[in-house]
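Overview (structure and organization)
Spelled out, the chains give:
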Amino acid sequence: MPTKRARGAPGKGLPFAEVIRLALQLPGVVESTSYGTAALKVRDKLLARLKEDNATIVLRVEHFEREHLLRCDPATFHITDHYRNYPYVLVNLTSADATLLAQLLEDAWRKAVTTAVRNEYDASK
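Note that the structure is a prediction, hence the values are computed from the model and not measured.

Turning our eyes to something else, we now look at the side chain of Arg-66. Relative to the elements of secondary structure, Arg-66 occurs in helix α2 (residues 63–72). From its side chain, Arg-66 meets the backbone oxygen of Tyr-88 in a polar contact 3.0 Å long. Ignoring any residue separated from it by four or fewer positions in sequence, one finds Arg-66 in contact with Val-61, Ile-79, Tyr-83, Arg-84, Tyr-86, Tyr-88 and Val-89.

This is the structure:
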């Protein structure tokens, strides 16, 4: 796992360790594995996983949200044919913004947890 800040645009780029830190702030998120790589899950549902290149993550997003991300920041967000029919986007960590990624992780988490867990989390903010 990379430990240094990834290179990219000023103020952008982050190591997977930072992705883990952001995700673990959400209730019920655990470190796991998926396809032999480090992953983040909640209730056995995949939120994100590190790709084999150690510079890209697979992140769960809704299709409409993915299309927006692909148009707005193609240097950071892309897909391959393999992911075209699935609710995931590939995120280049060398150009990813931590604030946006934290929000996208929370969005993925909200879709995977129960209403009661979401409500409890919202009440604690």
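The rest of the description comes next.
The subject of this paragraph is the packing of helix α3 (residues 98–112) against helix α4 (residues 115–124). Packing of α3 against α4 brings their axes to within 8 Å, and their N-to-C directions diverge by 140°. Classified by the angle their axes make, α3 and α4 are oblique. Across the interface between the two elements, Glu-106, Trp-109 and Arg-110 from α3 touch Val-117, Arg-118, Tyr-121 and Asp-122 from α4. A class-by-class count of the residues in the contact of α3 with α4 yields three nonpolar, no polar and four charged.

As enumerated under the stated definition, the model contains seven salt bridges in all. Arg-21 is the partner of Glu-18 in a salt bridge, and the nearest nitrogen-oxygen pair spans 2.7 Å. Remark: Arg-21 and Glu-18 occur in helix α1 (residues 16–23); sequence separation between them is three residues, near one turn of the helix. The partly exposed category is assigned to Arg-21, whose relative accessible area is 42%. Asp-81 is the partner of Arg-84 in a salt bridge, and the nearest nitrogen-oxygen pair spans 3.1 Å. The exposed category is assigned to Asp-81, whose relative accessible area is 64%. One salt-bridge network, in which partners are shared between bridges, spans Glu-106, Arg-110, Asp-122 and Lys-125.

The subject of this paragraph is α1. Three or more residues of α1 are buried, namely Phe-16, Val-19, Ile-20, Leu-22 and Ala-23. For α1, the angular spread of the buried residues around the axis is 165°, confining them to a single face. Buried residues along α1 sit in contact with β1 (29–34), β2 (37–42), β3 (45–50), β4 (56–60) and α3.

We now examine the sheet that holds strand β5 (residues 77–78). Taken in spatial order, the six strands of this open sheet run β1-β2-β3-β4-β6-β5, and their pairing is antiparallel. The sheet is open, and its two edges are formed by β1 and β5, each paired on a single side. Pairing of β3 with β4, which is carried by three bridges, proceeds in the antiparallel orientation. From the neighbouring strand, Arg-49 faces β4, where its bridge partner is Val-58. Along the sheet, α1 makes contact with β1, β2, β3 and β4, crossing β2 at roughly 15°.

Between α1 and α3, whose axes approach to 10 Å, the crossing angle comes to 50°. Considered as vectors, α1 and α3 are oriented oblique to each other. Relative to α3, the crossing made by α1 is right-handed. On α3, the residues touching Val-19, Leu-22 and Ala-23 of α1 are Ala-98, Leu-101, Ala-102 and Leu-105.

The phi torsion at Tyr-35 lies on the positive side, around 55°, for a residue other than glycine. In this fold, Tyr-35 is placed in the loop between β1 and β2. Despite not being glycine, Asp-44 has its phi angle at roughly 65°, a positive value. Mapped onto the elements, Asp-44 comes out in the loop between β2 and β3. Residue Asp-44 is classed as exposed on the basis of its relative accessible area of 74%.

Rules of the game
- Within any chain, residue numbers begin from 1 and follow the written order of that chain's sequence.
- Local features are withheld for residues below a pLDDT of 70 in this predicted model, meaning they are given only at 70 or higher, and side-chain atom pairs are given and counted only at 80 or more; totals for whole chains, interfaces and linings count all residues.
- The side-chain numbers reported here are obtained from all heavy atoms of the structure, hydrogens and water having been left aside.
- Each helix is a run of H or I in the DSSP string that is no shorter than four residues. Each strand is a run of E no shorter than two, and both are numbered from the N terminus.
- As used in this structure description, the phrase polar contact means that two N or O atoms lie within 3.5 Å; if the pair is within protein, one of them must be able to donate a hydrogen and the other to accept it, and residues adjacent in sequence are counted only when both atoms belong to side chains.
- Throughout, a contact is declared for two residues whenever any of their heavy atoms are within 4.5 Å.
- Note on definitions: angles span 0 to 180 degrees between N-to-C directions of axes, and those axes are lines fitted to C-alpha atoms, for helices only across the stretch in contact.
- In what follows, roughly perpendicular refers to angles from 65 to 115 degrees, roughly parallel to angles under 35, roughly antiparallel to angles over 145, and oblique to any angle outside these ranges.
- Nonpolar residues are Ala, Val, Leu, Ile, Met, Phe, Trp, Tyr, Cys and Pro. Charged residues are Asp, Glu, Lys and Arg, and all others, Gly as well, are polar.
- Whenever Lys or Arg places a side-chain nitrogen within 4 Å of a carboxyl oxygen from Asp or Glu, that contact is recorded as a salt bridge.
- Burial classes follow relative accessibility: with a 1.4 Å probe on protein chains only, a residue under 20% of its type's maximum area counts as buried, one over 50% as exposed, and anything between as partly exposed.
- Working definition: the arc comes from the directions between the helix axis and the C-beta atoms, pointing outward to the latter.
- Each pair of strands is called paired provided DSSP finds at least two bridges between the two strands.
- A clockwise turn of the near helix away from the far one marks a right-handed crossing, whereas an anticlockwise turn of less than a right angle marks a left-handed crossing.

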